[in-house]
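So you can see what is in the structure, the chains are spelled out below.
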Amino acid sequence: DTGVSQDPRHKITKRGQNVTFRCDPISEHNRLYWYRQTLGQGPEFLTYFQNEAQLEKSRLLSDRFSAERPKGSFSTLEIQRTEQGDSAMYLCASSSGTALDTDTQYFGPGTRLTVL
Amino acid sequence: AQKITQTQPGMFVQEKEAVTLDCTYDTSDQSYGLFWYKQPSSGEMIFLIYQGSYDEQNATEGRYSLNFQKARKSANLVISASQLGDSAMYFCAMREGFIDMRFGAGTRLTVKP
């Protein structure tokens, strides 16, 4: 399977705990994106990497959120001191970055976070 | 301001019939891209079809076609010969520039046997 993978698929945590999610993009895709999706809404952009460089961050990404892509391959998204409002589906996507017009983003299955 | 508007929270269609899912967008850019994704209950967003703002022909991908009306800023998805497996959430999205992609609130399609 050469699609985008995410781990874990589900995470239940208590308020105040830290959580970390992992995303493995499609091989050789140099662009990687994180989105958050709450119930009944479309995905909302959080942040974007071009290779290992984090080039854009949404205002939705508070100081409690940090994302890394240390070697330009997989990425991690960490949420510190989780709050109940962080409960959502966290989606990762990747794109090749070579086609400037289409550059279709392909999504992973998501990590569903529940904060109790 | 809402960039992408999907006015149909839910739609029903009889199996084997065609259905149109509406999408309107708002942009002042001349260059942009429009996308449709399908999200089954499993959660994964599946890319369906793309339309570039400069494309003169409506995009088609198998049973999916995009009815692009640039002056009206609409990009409706047409699914022909609906199948039970088409039941899912459908999201319209627009990308201005190279990165920033905005999604609509989605339309839940139910295909009835």
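Note: the structure precedes this text.
Quick caveat: nothing in here was measured; it's all calculated off a predicted structure. (Residues numbered from 1 in each chain as written. Chains lettered and ligands numbered in written order. Predicted model: local features only at pLDDT ≥ 70, side-chain atom pairs only at ≥ 80, totals over all residues. Heavy atoms only, no water.)

### Overview of the interface of chain B and chain A
Then comes step 1: The interface is formed by 18 residues belonging to chain B together with 24 residues belonging to chain A.
Then comes step 2: Buried surface at the junction of chain B and chain A, summed over both partners, amounts to about 1700 Å²; 56% is from carbon and sulfur atoms.
Then comes step 3: Summed over the shared surface of chain B and chain A, the result is zero salt bridges.
Then comes step 4: For the interface between chain B and chain A, the tally reads three residue pairs in polar contact (both at pLDDT 80 or more).
Then comes step 5: When contributions to the side of chain B that touches chain A are tallied by element, the ones reaching two or more residues are strand S5 (32–39), strand S6 (46–52), strand S10 (88–96) and strand S11 (101–103) of chain B.
Then comes step 6: Take the side of chain B that touches chain A: its biggest share by element is three residues, from S5 of chain B.
Then comes step 7: Its residues assigned to classes, the side of chain B that touches chain A shows eleven nonpolar, four polar and three charged. (Contact = heavy atoms within 4.5 Å. Buried area = accessible area lost by both parts, 1.4 Å probe. Salt bridge = Lys/Arg side-chain N within 4 Å of Asp/Glu carboxyl O. Polar contact = N/O pair within 3.5 Å; in protein donor to acceptor, adjacent residues only side chain to side chain. Helix = DSSP H or I, 4+ residues; strand = E, 2+ residues; numbered from the N terminus. Nonpolar A, V, L, I, M, F, W, Y, C, P; charged D, E, K, R; others polar.)

### Focus on the environment of Gln41 of chain A
Then comes step 1: Among the structural elements, Gln41 of chain A can be located in the loop between strand S4 (31–37) and strand S5 (44–50).
Then comes step 2: Those residues within four positions of Gln41 of chain A in sequence are excluded, and the remaining contacts are Phe91 and Ala105 of chain B.

### Side note on unusual backbone geometry
Then comes step 1: A cis geometry characterises the amide bond from Asp7 of chain A onward to Pro8 of chain A, with omega recorded as -5°.
Then comes step 2: Of note, Pro8 of chain A is situated in the loop between strand S1 (5–7) and strand S2 (10–13).
Then comes step 3: The phi torsion at Lys16 of chain B lies on the positive side, around 80°, for a residue other than glycine.
Then comes step 4: Among the secondary structure elements, Lys16 of chain B is positioned in the loop between strand S2 (10–14) and strand S3 (19–21).
Then comes step 5: Exposure remark for Lys16 of chain B: the relative accessible area of 68% places this residue in the exposed category.
Then comes step 6: In this model, Lys73 of chain B sits at a positive phi of 55°, which is unusual for a non-glycine residue. (Buried < 20%, exposed > 50% of the residue type's maximum accessible area, 1.4 Å probe, protein only.)

### A look at the nonpolar core
Residue and element names in this part refer to chain B.
Then comes step 1: If you look at the biggest cluster of nonpolar residues, it comprises 25 residues, and the most contacted ones within it are Tyr25, Trp36, Ile49, Leu77, Tyr90 and Leu109.
Then comes step 2: When contributions to this core are tallied by element, the ones reaching two or more residues are S2, S3, S5, S6, strand S8 (64–69), strand S9 (74–79), S10 and strand S12 (107–112).
Then comes step 3: In terms of residues, this core owes the most to one element, S10, which gives four residues.
Then comes step 4: Those residues within four positions of Leu109 in sequence are excluded, and the remaining contacts are Met11, Val13, Val19, Ile79, Asp86, Ser87, Ala88 and Tyr90. (Core = buried A, V, L, I, M, F, W, Y, C linked by side-chain atoms within 4.5 Å.)

### Describing the packing of aromatic side chains
Then comes step 1: Applying the stated criterion across every chain, the model contains 15 aromatic pairs over all chains.
Then comes step 2: Ring geometry for Phe21 of chain A against Tyr90 of chain A: centres 5.4 Å apart, planes inclined by 40°, an arrangement best described as tilted. Taken together, the residues Phe21 of chain A in strand S3 (residues 19–24) and Tyr90 of chain A in strand S9 (residues 88–95) connect sequence positions 69 residues apart. Tyr90 of chain A carries the same exposure label as Phe21 of chain A, and that label is buried.
Then comes step 3: Note on Tyr37 of chain B and Phe103 of chain B: the rings are 5.8 Å apart at their centroids and 50° apart in plane angle, and the pair reads as tilted. Pair noted here: Tyr37 of chain B is in strand S5 and Phe103 of chain B is in strand S11, with a separation of 66 residues, a long-range link. The same class applies to Tyr37 of chain B and to Phe103 of chain B, which are both buried.
Then comes step 4: Chaining the aromatic ring pairs together yields one cluster made of Tyr35, Phe45, Tyr106 and Phe107 of chain A together with Phe35, Tyr37, Phe47, Tyr50 and Phe103 of chain B. (Phe/Tyr/Trp six-rings, centres within 6.5 Å; stacked < 30°, edge-to-face > 60°.)

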